[in-house]
Amino acid sequence: MENKSIWKKITSSREVSLLIVLVILCALITIKTPSFLEWANISEILKNNATTMIMALGMLLVLLIGGIDISIGSTLAFSGMTIGIMYKYNHLSSTLLGFLIASGIGIACGLVIGLIIAYGKVSPIICTLGTMYVYRGFAYLVANDEWAGADALGTFKDFALKDFLGINSAVWITIICYVVFFIVMKWTKFGRNIYAVGSNEEAAEISGINVRLVKTCVYTIMGGLSGLTGALMTCVYASAQPNMATGKEMDVIAACVIGGVSMTGGRGSVAGALIGALILSVISKALPLVGIDALAQNTVKGIIIIAVIILNVVTQRMMDKAALEKREM
């Protein structure tokens with residue numbers, strides 16, 4: 001009975017079960033590669049995957065309202081390429097201004113998507129499929145058959161090399177984003193409105209929530225985070241190219257789904273998105289370390305993702321069953 005009770009406690013929380021999966025993954029990898037859990041390696045993983053982790057926050061909001069955004073990789077490329085060219089031709093020198101301009105471009109891109117979906121009543125998948133090609137095209141137009149390398153970026157690239165209290169600056173941006181989103185989703189009216197719209201859009205509208213405004217804001221935030229990560233990726237990799245982040249949207253969506261965010265809306269958490277992104281980051285780093293062939297890495301990665309998602313489904317069913325039993329009592 002005691003073992004059963006422990007199992008129930010573990011499976012009663014999706015985040016706890018995912019955290020256990022993350023710990024087990026790290027333990028298995030450490031057995032094969034003892035240096036895996038050294039701080040230098042962990043810091044490198046967090047820095048290289050900061051873009052996925054930050055965009056997972058925006059995708060969390062989008063999925064919570066029952067939407068989808070597959071244009072985020074293109075928005076990232078458009079914003080990153082724009083500031084890259086600006087630095088290359090000395091139209092820009094300030095690091096802060098570079099981040100602000102990239103975020104502003106992302107906000108504008110997200111706002112357009114939000115208005116089309118919320119007020120034009122266009123399906124999110126259709127709208128973002130179209131804007132994915134449009135924004136990627138903008139990135140190529142801005143590039144004009146050029147790219148910005150380390151020399152062209154000047155001191156902007158140095159931002160990703162700086163540490164504060166032993167933590168990389170890119171990781172600090174990620175931490176700040178998660179703290180802000182946790183507070184917003186946990187204790188603000190806007191956070192509650194997002195959950196309400198995703199759970200039942202008609203009921204939310206009847207209760208006085210401006211559904212169209214919420215949707216517009218959510219896609220605008222997603223765009224802003226994509227723009228921010230466009231600048232961050234340019235910084236981290238000291239390079240801006242129009243084809244950057246191609247397919248990145250799939251990693252971001254996978255991170256959210258692994259973290260237990262429902263694709264139909266109304267269910268998910270900031271903690272879940274974080275753990276999902278961490279699991280995906282660990283898997284991506286671990287596969288080459290444990291000797292998995294490059295050609296087989298995507299297959300193995302997919303199998304692990306499916307296994308974690310199945311665990312999520314089982315956990316959710318047990319949570320629903322436990323909730324139903326309490327109601328019957």
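To keep things clear, this report deals only with the structure shown in the data block.

Rules used in this analysis
- Residues numbered from 1 in each chain as written.
- Predicted model: local features only at pLDDT ≥ 70, side-chain atom pairs only at ≥ 80, totals over all residues.
- Heavy atoms only, no water.
- Helix = DSSP H or I, 4+ residues; strand = E, 2+ residues; numbered from the N terminus.
- Buried < 20%, exposed > 50% of the residue type's maximum accessible area, 1.4 Å probe, protein only.
- Polar contact = N/O pair within 3.5 Å; in protein donor to acceptor, adjacent residues only side chain to side chain.
- Contact = heavy atoms within 4.5 Å.
- Salt bridge = Lys/Arg side-chain N within 4 Å of Asp/Glu carboxyl O.

In this structure, N168 sits in strand β2 (residues 167–168). Looking at N168, the relative accessible area reads 5%, which means it is buried. In this structure the side chain of N168 is engaged in a polar contact, spanning 2.7 Å, whose partner is the backbone oxygen of A160. From its side chain, N168 meets the backbone nitrogen of A170 in a polar contact 2.8 Å long. If near-sequence neighbours (up to four positions away) are discounted, N168 is found in contact with S43, K47, A160, L161, K162 and D163.

Moving on, we get to the environment of I183. Relative to the helices and strands, I183 resides in helix α9 (residues 169–187). The class of I183 is partly exposed, set by a relative accessible area of 40%. Note: C-alpha distance between I183 and A108 (75 residues apart in sequence) is 25 Å.

One pass over the structure, following the stated rule, counts 3 salt bridges. Residues E44 and K47 are paired through a salt bridge, measuring 3.9 Å at the closest nitrogen-oxygen approach. You can see E44 and its partner K47 sitting in helix α3 (residues 39–48), 3 residues apart, about one turn around the helix. Judged by relative accessible area, K47 falls into the buried class, the value being 14%.

Interpretation in functional terms is not warranted from these geometric data alone.
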